[in-house]
Amino acid sequence: MDNLKPASEMHILQAASLIRRGELVAFPTETVYGLGANALDDKAIASVYAAKNRPDFNPLIIHFASYKDVESYAKLTEKAGMLIRRFWPGALTLVLKRRQDCTLSKLVSAGLDTIAVRVPEHPIAQSFLRMAACPVAAPSANLSGLLSPTEAHHVADSLEDKVAMILDGGACPAGLESTVVDVSGEDAVLLRPGVVPVEELEAVVGPLRKASAKDAKKPHAPGQLKSHYAPSVPLRMNAKKPKEKETLLGFGDAPEATLNLSPTGDLIEAAANLFAMLHILDADDACKAIAVSPIPTDGIGLAINDRLKRASS
Ligand code: TXA
Ligand code: MG
(Lines give C-alpha, C1' and ligand atoms only; values in the text may rest on other atoms or scores of the structure.)
(Ligands and ions follow the chains in the order given, each with its own letter.)
Protein backbone atom coordinates (compact mmCIF):
# COMPACT_ATOMS: atom_id res chain seq x y z
CA MET A 1 0.00 0.00 0.00
CA ASP A 2 2.31 2.68 -1.34
CA ASN A 3 0.04 5.66 -0.96
CA LEU A 4 -1.04 4.92 2.63
CA LYS A 5 1.08 7.29 4.76
CA PRO A 6 1.23 8.09 8.46
CA ALA A 7 -0.07 11.63 8.92
CA SER A 8 3.30 13.20 9.78
CA GLU A 9 3.83 16.89 9.11
CA MET A 10 5.82 16.04 5.99
CA HIS A 11 3.07 13.85 4.56
CA ILE A 12 0.38 16.39 5.41
CA LEU A 13 2.42 18.98 3.52
CA GLN A 14 2.73 16.65 0.52
CA ALA A 15 -0.98 15.88 0.67
CA ALA A 16 -1.77 19.60 0.69
CA SER A 17 0.30 20.19 -2.42
CA LEU A 18 -1.24 17.16 -4.17
CA ILE A 19 -4.74 18.40 -3.53
CA ARG A 20 -3.99 21.90 -4.78
CA ARG A 21 -2.79 20.30 -8.01
CA GLY A 22 -6.11 18.50 -8.52
CA GLU A 23 -5.23 15.08 -7.06
CA LEU A 24 -7.45 13.16 -4.61
CA VAL A 25 -6.35 12.76 -0.98
CA ALA A 26 -8.14 10.79 1.75
CA PHE A 27 -7.85 12.28 5.24
CA PRO A 28 -9.27 11.62 8.71
CA THR A 29 -11.84 13.80 10.46
CA GLU A 30 -13.43 13.23 13.87
CA THR A 31 -16.43 11.65 12.09
CA VAL A 32 -15.20 9.45 9.20
CA TYR A 33 -12.44 9.56 6.55
CA GLY A 34 -13.10 11.99 3.70
CA LEU A 35 -12.12 11.65 0.03
CA GLY A 36 -10.82 15.16 -0.56
CA ALA A 37 -10.54 17.20 -3.75
CA ASN A 38 -9.91 20.87 -4.52
CA ALA A 39 -13.43 22.36 -4.56
CA LEU A 40 -12.37 25.08 -7.00
CA ASP A 41 -11.35 22.51 -9.63
CA ASP A 42 -14.12 20.97 -11.79
CA LYS A 43 -11.90 18.15 -12.99
CA ALA A 44 -10.89 17.17 -9.47
CA ILE A 45 -14.54 17.12 -8.37
CA ALA A 46 -15.53 15.05 -11.37
CA SER A 47 -12.86 12.54 -10.42
CA VAL A 48 -14.31 12.26 -6.90
CA TYR A 49 -17.68 11.26 -8.33
CA ALA A 50 -15.96 8.83 -10.66
CA ALA A 51 -13.81 7.29 -7.92
CA LYS A 52 -16.83 6.74 -5.67
CA ASN A 53 -19.16 5.68 -8.48
CA ARG A 54 -21.49 8.25 -7.01
CA PRO A 55 -24.85 9.16 -8.59
CA ASP A 56 -24.26 12.78 -9.52
CA PHE A 57 -27.40 14.12 -7.87
CA ASN A 58 -25.75 13.64 -4.50
CA PRO A 59 -23.79 16.82 -3.71
CA LEU A 60 -20.60 17.09 -1.63
CA ILE A 61 -19.63 18.70 1.69
CA ILE A 62 -16.98 21.45 1.47
CA HIS A 63 -14.44 21.49 4.30
CA PHE A 64 -12.72 24.62 5.59
CA ALA A 65 -10.08 25.29 8.26
CA SER A 66 -12.04 28.21 9.73
CA TYR A 67 -15.57 29.62 9.65
CA LYS A 68 -14.05 32.85 8.27
CA ASP A 69 -13.23 31.07 5.02
CA VAL A 70 -16.88 30.09 4.55
CA GLU A 71 -18.13 33.68 4.22
CA SER A 72 -16.53 34.12 0.79
CA TYR A 73 -18.67 31.34 -0.69
CA ALA A 74 -21.94 31.05 1.26
CA LYS A 75 -24.64 33.37 2.53
CA LEU A 76 -24.71 33.05 6.30
CA THR A 77 -28.06 33.26 8.08
CA GLU A 78 -28.88 34.06 11.70
CA LYS A 79 -29.48 30.41 12.59
CA ALA A 80 -26.25 29.44 10.85
CA GLY A 81 -24.38 31.95 13.01
CA MET A 82 -25.87 30.53 16.20
CA LEU A 83 -24.94 26.96 15.26
CA ILE A 84 -21.46 27.92 14.09
CA ARG A 85 -20.68 29.68 17.37
CA ARG A 86 -21.76 26.67 19.38
CA PHE A 87 -20.64 23.67 17.27
CA TRP A 88 -17.70 24.63 15.03
CA PRO A 89 -15.15 23.29 14.68
CA GLY A 90 -17.00 20.00 14.91
CA ALA A 91 -19.25 17.31 13.49
CA LEU A 92 -21.95 19.59 12.10
CA THR A 93 -22.54 20.30 8.40
CA LEU A 94 -24.62 23.32 7.39
CA VAL A 95 -26.44 23.76 4.08
CA LEU A 96 -26.43 27.40 2.96
CA LYS A 97 -27.21 29.37 -0.19
CA ARG A 98 -24.28 29.88 -2.57
CA ARG A 99 -23.17 33.49 -2.92
CA GLN A 100 -23.63 35.03 -6.35
CA ASP A 101 -19.85 35.34 -6.72
CA CYS A 102 -19.14 31.87 -5.32
CA THR A 103 -16.16 30.38 -7.18
CA LEU A 104 -16.66 26.79 -6.00
CA SER A 105 -17.11 24.22 -8.76
CA LYS A 106 -20.80 23.96 -9.68
CA LEU A 107 -20.36 20.20 -9.57
CA VAL A 108 -20.09 20.22 -5.76
CA SER A 109 -23.71 21.42 -5.56
CA ALA A 110 -24.95 18.92 -8.17
CA GLY A 111 -27.35 21.45 -9.66
CA LEU A 112 -28.62 22.98 -6.39
CA ASP A 113 -28.21 26.64 -5.45
CA THR A 114 -26.87 25.63 -2.04
CA ILE A 115 -23.60 24.28 -0.62
CA ALA A 116 -22.95 22.08 2.38
CA VAL A 117 -20.08 23.37 4.55
CA ARG A 118 -18.21 22.04 7.53
CA VAL A 119 -15.22 23.03 9.71
CA PRO A 120 -13.92 19.79 11.23
CA GLU A 121 -12.11 19.69 14.57
CA HIS A 122 -9.72 16.76 14.07
CA PRO A 123 -6.13 18.09 14.38
CA ILE A 124 -4.95 16.30 11.20
CA ALA A 125 -7.92 17.59 9.20
CA GLN A 126 -7.26 21.07 10.59
CA SER A 127 -3.59 21.13 9.67
CA PHE A 128 -4.25 19.55 6.25
CA LEU A 129 -6.94 22.15 5.45
CA ARG A 130 -4.76 25.02 6.62
CA MET A 131 -1.82 23.85 4.49
CA ALA A 132 -4.04 23.12 1.48
CA ALA A 133 -5.31 26.71 1.58
CA CYS A 134 -8.18 25.80 -0.73
CA PRO A 135 -11.72 24.65 0.05
CA VAL A 136 -11.77 20.84 0.11
CA ALA A 137 -14.81 18.92 -1.11
CA ALA A 138 -14.95 15.55 0.61
CA PRO A 139 -17.58 12.86 0.67
CA SER A 140 -16.97 9.89 2.92
CA ALA A 141 -14.07 7.93 1.40
CA ASN A 142 -16.00 4.79 0.41
CA LEU A 143 -17.49 3.47 -2.82
CA SER A 144 -21.06 4.70 -3.15
CA GLY A 145 -23.51 2.43 -1.34
CA LEU A 146 -20.90 0.90 0.98
CA LEU A 147 -20.09 1.61 4.62
CA SER A 148 -18.26 4.80 5.55
CA PRO A 149 -14.58 4.31 6.49
CA THR A 150 -13.51 4.94 10.08
CA GLU A 151 -9.96 3.62 9.65
CA ALA A 152 -7.34 4.27 6.96
CA HIS A 153 -7.28 0.63 5.84
CA HIS A 154 -11.02 0.78 5.09
CA VAL A 155 -10.18 3.51 2.55
CA ALA A 156 -7.26 1.54 1.15
CA ASP A 157 -9.45 -1.55 0.74
CA SER A 158 -11.91 0.16 -1.61
CA LEU A 159 -10.21 3.22 -3.11
CA GLU A 160 -6.46 2.62 -2.92
CA ASP A 161 -5.78 2.82 -6.65
CA LYS A 162 -7.95 5.91 -7.07
CA VAL A 163 -6.29 8.31 -4.61
CA ALA A 164 -2.87 9.94 -4.69
CA MET A 165 -2.47 9.62 -0.91
CA ILE A 166 -4.29 8.29 2.15
CA LEU A 167 -3.28 10.12 5.35
CA ASP A 168 -3.43 7.58 8.15
CA GLY A 169 -4.54 9.24 11.38
CA GLY A 170 -5.81 6.13 13.12
CA ALA A 171 -9.43 5.43 14.00
CA CYS A 172 -11.91 8.32 13.74
CA PRO A 173 -12.98 9.20 17.29
CA ALA A 174 -16.72 9.65 16.63
CA GLY A 175 -16.96 6.98 13.92
CA LEU A 176 -20.23 8.22 12.40
CA GLU A 177 -20.95 11.02 9.90
CA SER A 178 -21.70 14.63 10.75
CA THR A 179 -25.23 15.89 11.35
CA VAL A 180 -26.51 17.80 8.28
CA VAL A 181 -28.83 20.77 8.87
CA ASP A 182 -30.24 23.07 6.18
CA VAL A 183 -30.17 26.64 7.50
CA SER A 184 -30.38 28.33 4.11
CA GLY A 185 -33.91 29.56 4.77
CA GLU A 186 -35.90 30.57 7.81
CA ASP A 187 -36.54 27.10 9.24
CA ALA A 188 -33.70 24.84 10.28
CA VAL A 189 -34.26 21.46 8.61
CA LEU A 190 -32.61 18.21 9.70
CA LEU A 191 -31.37 16.47 6.52
CA ARG A 192 -29.29 13.75 8.17
CA PRO A 193 -29.01 12.78 11.85
CA GLY A 194 -25.38 12.47 12.90
CA VAL A 195 -22.80 12.92 15.62
CA VAL A 196 -24.24 16.16 17.02
CA PRO A 197 -27.52 15.12 18.67
CA VAL A 198 -30.78 16.78 17.60
CA GLU A 199 -31.51 17.68 21.23
CA GLU A 200 -28.33 19.81 21.41
CA LEU A 201 -29.11 21.57 18.13
CA GLU A 202 -32.67 22.33 19.23
CA ALA A 203 -31.39 23.80 22.48
CA VAL A 204 -29.63 26.43 20.34
CA VAL A 205 -32.02 27.13 17.43
CA GLY A 206 -35.37 25.75 18.59
CA PRO A 207 -37.31 22.91 16.96
CA LEU A 208 -35.82 21.42 13.77
CA ARG A 209 -38.10 20.52 10.91
CA LYS A 210 -37.48 16.93 9.79
CA ALA A 211 -36.92 16.40 6.08
CA SER A 212 -40.00 14.54 4.87
CA ALA A 213 -39.98 11.38 2.75
CA LYS A 214 -41.21 13.61 -0.08
CA ASP A 215 -38.14 15.84 0.29
CA ALA A 216 -35.98 12.74 -0.02
CA LYS A 217 -37.17 12.11 -3.58
CA LYS A 218 -36.30 15.60 -4.72
CA PRO A 219 -32.70 16.66 -5.24
CA HIS A 220 -33.52 19.10 -2.42
CA ALA A 221 -32.62 16.82 0.46
CA PRO A 222 -30.40 14.16 -1.03
CA GLY A 223 -28.21 11.73 0.87
CA GLN A 224 -31.39 10.09 1.99
CA LEU A 225 -30.91 7.19 -0.39
CA LYS A 226 -32.28 4.19 1.49
CA SER A 227 -29.46 1.75 0.86
CA HIS A 228 -26.68 4.24 1.51
CA TYR A 229 -24.88 2.25 4.18
CA ALA A 230 -25.43 -1.33 3.13
CA PRO A 231 -23.13 -4.18 4.13
CA SER A 232 -23.20 -7.10 1.69
CA VAL A 233 -25.21 -9.43 4.00
CA PRO A 234 -28.77 -8.90 5.33
CA LEU A 235 -29.11 -6.94 8.55
CA ARG A 236 -31.98 -7.10 11.06
CA MET A 237 -32.51 -4.45 13.73
CA ASN A 238 -34.02 -4.61 17.23
CA ALA A 239 -33.06 -8.24 17.61
CA LYS A 240 -33.43 -9.54 21.16
CA LYS A 241 -31.83 -12.83 20.12
CA PRO A 242 -30.03 -14.02 16.97
CA LYS A 243 -31.91 -16.45 14.74
CA GLU A 244 -30.19 -19.49 13.24
CA LYS A 245 -27.33 -18.41 10.90
CA GLU A 246 -27.40 -14.85 12.25
CA THR A 247 -24.40 -13.22 13.90
CA LEU A 248 -25.39 -10.92 16.77
CA LEU A 249 -23.92 -7.42 16.97
CA GLY A 250 -24.75 -6.62 20.57
CA PHE A 251 -25.43 -3.50 22.60
CA GLY A 252 -25.47 -3.56 26.39
CA ASP A 253 -25.96 -6.90 28.09
CA ALA A 254 -25.88 -9.40 25.18
CA PRO A 255 -24.11 -12.66 26.09
CA GLU A 256 -24.76 -14.22 22.65
CA ALA A 257 -23.10 -11.34 20.79
CA THR A 258 -20.11 -12.06 18.55
CA LEU A 259 -19.14 -8.38 18.77
CA ASN A 260 -20.61 -5.79 21.12
CA LEU A 261 -20.97 -2.09 20.19
CA SER A 262 -20.84 -1.18 23.86
CA PRO A 263 -21.16 -3.80 26.61
CA THR A 264 -21.92 -1.02 29.11
CA GLY A 265 -24.66 0.47 26.89
CA ASP A 266 -22.76 3.71 26.11
CA LEU A 267 -24.18 5.29 22.91
CA ILE A 268 -21.06 7.31 22.12
CA GLU A 269 -18.88 4.22 22.32
CA ALA A 270 -21.42 2.37 20.17
CA ALA A 271 -21.32 5.07 17.48
CA ALA A 272 -17.52 4.96 17.41
CA ASN A 273 -17.59 1.18 16.94
CA LEU A 274 -20.55 0.88 14.55
CA PHE A 275 -18.94 1.06 11.10
CA ALA A 276 -15.70 -0.63 12.20
CA MET A 277 -17.65 -3.63 13.55
CA LEU A 278 -19.94 -3.77 10.51
CA HIS A 279 -16.79 -3.77 8.35
CA ILE A 280 -15.39 -6.70 10.36
CA LEU A 281 -18.61 -8.73 10.12
CA ASP A 282 -19.01 -7.89 6.44
CA ALA A 283 -15.49 -9.15 5.68
CA ASP A 284 -16.03 -12.39 7.60
CA ASP A 285 -17.13 -15.24 5.30
CA ALA A 286 -18.64 -17.06 8.26
CA CYS A 287 -21.12 -14.22 8.80
CA LYS A 288 -24.19 -14.83 6.60
CA ALA A 289 -26.58 -12.35 8.25
CA ILE A 290 -26.31 -9.71 10.97
CA ALA A 291 -28.75 -9.18 13.81
CA VAL A 292 -28.35 -6.04 15.94
CA SER A 293 -29.55 -5.56 19.52
CA PRO A 294 -32.12 -2.80 20.18
CA ILE A 295 -30.48 0.62 20.54
CA PRO A 296 -32.15 3.60 22.25
CA THR A 297 -33.00 6.55 19.99
CA ASP A 298 -31.96 9.42 22.25
CA GLY A 299 -28.84 11.54 21.62
CA ILE A 300 -26.51 10.01 19.02
CA GLY A 301 -28.71 6.87 19.19
CA LEU A 302 -30.96 8.50 16.59
CA ALA A 303 -28.09 8.57 14.07
CA ILE A 304 -27.06 4.99 14.93
CA ASN A 305 -30.61 3.75 14.29
CA ASP A 306 -30.78 5.79 11.07
CA ARG A 307 -27.60 4.13 9.72
CA LEU A 308 -28.80 0.68 10.76
CA LYS A 309 -32.14 1.25 9.04
CA ARG A 310 -30.36 2.13 5.79
CA ALA A 311 -28.06 -0.85 6.21
CA SER A 312 -31.08 -3.11 6.63
CA SER A 313 -33.00 -2.05 3.51
O1 TXA B 1 -18.97 13.31 8.51
C2 TXA B 1 -19.18 13.65 7.34
O3 TXA B 1 -20.13 14.40 7.02
C4 TXA B 1 -18.22 13.14 6.27
C5 TXA B 1 -16.86 13.82 6.49
C6 TXA B 1 -15.86 13.41 5.45
O7 TXA B 1 -17.05 15.21 6.49
N8 TXA B 1 -18.71 13.39 4.95
C9 TXA B 1 -19.80 12.77 4.45
O10 TXA B 1 -20.07 13.13 3.14
O11 TXA B 1 -20.49 11.99 5.08
P12 TXA B 1 -21.11 12.37 2.22
O13 TXA B 1 -20.88 12.93 0.87
O14 TXA B 1 -20.98 10.91 2.36
O15 TXA B 1 -22.49 12.89 2.74
C16 TXA B 1 -22.83 14.24 2.55
C17 TXA B 1 -24.27 14.48 2.83
C18 TXA B 1 -25.13 13.74 1.83
O19 TXA B 1 -26.24 13.26 2.51
C20 TXA B 1 -25.48 14.84 0.84
O21 TXA B 1 -26.64 14.56 0.14
C22 TXA B 1 -25.64 16.03 1.76
O23 TXA B 1 -24.58 15.87 2.69
N24 TXA B 1 -25.46 17.30 1.05
C25 TXA B 1 -24.34 17.79 0.50
N26 TXA B 1 -24.57 18.97 -0.11
C27 TXA B 1 -25.88 19.23 0.07
C28 TXA B 1 -26.73 20.30 -0.33
N29 TXA B 1 -26.28 21.34 -1.03
N30 TXA B 1 -28.03 20.23 0.02
C31 TXA B 1 -28.49 19.18 0.75
N32 TXA B 1 -27.74 18.14 1.15
C33 TXA B 1 -26.44 18.16 0.81
MG1 MG C 1 -21.18 8.86 2.53
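Keep in mind that this is a model prediction, so the values were computed, not measured.

About the cut-offs
Residues numbered from 1 in each chain as written. Chains lettered and ligands numbered in written order. Predicted model: local features only at pLDDT ≥ 70, side-chain atom pairs only at ≥ 80, totals over all residues. Heavy atoms only, no water. Salt bridge = Lys/Arg side-chain N within 4 Å of Asp/Glu carboxyl O. Helix = DSSP H or I, 4+ residues; strand = E, 2+ residues; numbered from the N terminus. Contact = heavy atoms within 4.5 Å. Polar contact = N/O pair within 3.5 Å; in protein donor to acceptor, adjacent residues only side chain to side chain. Buried < 20%, exposed > 50% of the residue type's maximum accessible area, 1.4 Å probe, protein only. Near = heavy atom within 4 Å. Areas by Shrake-Rupley, 256 points an atom, 1.4 Å probe, with all protein chains shown as cover. Nonpolar A, V, L, I, M, F, W, Y, C, P; charged D, E, K, R; others polar. Pairing = 2+ DSSP bridges.

Enquirer: Would you mind showing me how to read the pattern of salt bridges here?
Expert: Once their charged atoms are close, side chains differing in charge can pair, the charge on each being opposite to the other. Applying the stated criterion across every chain yields a total of 10 salt bridges. Three or more residues are tied together by salt bridges with common partners; here these are Glu 177, Asp 306, Arg 307 and Arg 310.

Enquirer: Would you mind going over the environment of Asn 3 with me for this structure?
Expert: Take Asn 3: it is sitting in the segment before strand 1 (4-6). Taking the C-alpha atoms as reference points, Asn 3 and Val 163, 160 residues apart in sequence, are found 7.8 Å from one another. When sequence neighbours within four positions are dropped, the list of residues in contact with Asn 3 reads Glu 160, Val 163, Ala 164, Met 165 and Ile 166. In this structure the side chain of Asn 3 is engaged in a polar contact, spanning 2.8 Å, whose partner is the backbone oxygen of Glu 160.

Enquirer: What's the story with the environment of Pro 294 in this structure? I'm lost.
Expert: Following the sequence through the fold, Pro 294 ends up in the loop between strand 16 (290-292) and helix 10 (301-312). By relative accessible area, Pro 294 is classed as partly exposed at 34%. Look past the residues within four positions of Pro 294 in its chain and what remains in contact with it is Asn 238, Ala 239, Lys 240 and Phe 251.

Enquirer: Explain the site of ligand 1 to me, please; I cannot follow it from the model alone.
Expert: Around ligand 1 sit 24 residues, and of these Thr 31, Asn 58, His 63, Arg 118 and Ser 178 come closest. In this structure, an oxygen atom belonging to ligand 1 sits 2.6 Å away from a side-chain N or O atom of Ser 178. Arg 192 has a polar side-chain atom sitting 2.9 Å from an oxygen atom of ligand 1. For ligand 1, whose accessible area on its own is 690 Å², the fraction buried by protein is 99%. Breaking the shell around ligand 1 down by element, the ones donating at least two residues are strand 4 (61-63), strand 7 (114-118) and strand 11 (189-192). Of the residues contributing to the shell around ligand 1, the split by class is 11 nonpolar, 9 polar and 4 charged.

Enquirer: Before we go on, may I ask you to explain the environment of Asn 53 in this structure?
Expert: Mapped onto the secondary structure, Asn 53 falls in the loop between helix 2 (42-52) and strand 4. Sequence separation between Asn 53 and Pro 231 is 178 residues; the distance between their C-alpha atoms is 16 Å.

Enquirer: Is there a simple way to explain the sheet that holds strand 14 (residues 247-250) in this structure?
Expert: Where strands meet in a sheet, backbone hydrogen bonds hold them as pairs that are either parallel or antiparallel. Strands sit in the order 13-16-14-15 across an open sheet of 4 strands; the sheet is parallel. Lying at the two open borders of the sheet, with one neighbouring strand each, are strand 13 (235-236) and strand 15 (259-260).

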